[in-house]
Amino acid sequence: GGGGGGGLFGILANTNRLTIQQQLSLVEAATGTMGCGCCETLNTYKVFDAANGGTPLLVIEEKADLLPRACCAPNHSLLVHFYATDSAGNKQQPIMTMERPGCPCDKPCVG
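Definitions and limits used
- Residues numbered from 1 in each chain as written.
- Predicted model: local features only at pLDDT ≥ 70, side-chain atom pairs only at ≥ 80, totals over all residues.
- Heavy atoms only, no water.
- Helix = DSSP H or I, 4+ residues; strand = E, 2+ residues; numbered from the N terminus.
- Buried < 20%, exposed > 50% of the residue type's maximum accessible area, 1.4 Å probe, protein only.
- Pairing = 2+ DSSP bridges.
- Salt bridge = Lys/Arg side-chain N within 4 Å of Asp/Glu carboxyl O.

Student: I tried to follow the side chain of Asn43 on my own but got confused; where do I start?
Tutor: For Asn43, the location among the structural elements is in the loop between helix 2 (26-33) and strand 2 (44-49). Judged by its relative accessible area of 9%, Asn43 is buried.

Student: Could you clarify how one ought to interpret the environment of Leu26 in this entry?
Tutor: Topologically, Leu26 is positioned in helix 2. Looking at Leu26, the relative accessible area reads 76%, which means it is exposed. Along the backbone, Leu26 and Thr41 are 15 residues apart, and their C-alpha atoms lie at a distance of 9.7 Å.

Student: Please explain the pairing of strand 5 (residues 91-100) as it appears in this structure.
Tutor: A regular strand carries its side chains on alternate faces of the sheet. Of the pairings in the sheet, the one linking strand 4 (residues 78-85) to strand 5 comprises 7 bridges and is antiparallel in character. Of the residues in strand 5, the one forming a bridge with Thr85 is Lys91. Following strand 4, the chain reverses through 5 residues before pairing antiparallel with strand 5; Gly89 in that reversal takes a positive phi of roughly 85°.

Student: Honestly, the pattern of salt bridges in this entry has me stumped. Any pointers?
Tutor: Where charged atoms from two side chains of opposite charge approach closely, those side chains can pair. With the rule as written, the count across this model stands at 2 salt bridges. The shortest N-O distance in the salt bridge between Lys63 and Glu61 comes to 3.3 Å. Residue classification places Lys63 among the partly exposed residues on the basis of a relative accessible area of 33%. With its nearest N and O atoms 3.0 Å apart, the salt bridge here joins Glu61 to Lys91. In this pair, Glu61 is assigned in strand 3 (residues 53-63) and Lys91 in strand 5, connecting sequence segments 30 residues apart. The partly exposed category is assigned to Lys91, whose relative accessible area is 39%. Among the charged side chains, a network of salt bridges with common partners joins Glu61, Lys63 and Lys91.

Below, the structure is given as structure tokens:
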């Protein structure tokens, strides 16, 4: 089943291998297929126990401002939230965050 207690380490304690599945955005997929790749969207990932698949152990969501994300990629600021899941795989409370500072400039940098 899902996450349970004990934070991130409690959730992963009995897991030897993980499978991480990115949830596809139709807009990003369509523009990427056309060779444009001009629509960057926030990514969401589901983390599964590779041994049994089934219900996700975690849901991971990116949080970022869309303009810097598009103009400063891959150097944009990023905040990632890790969420525990219930027994049905639904996102519950956040159990961890991770932050990466981005471009040091005050204006969008291209490339």
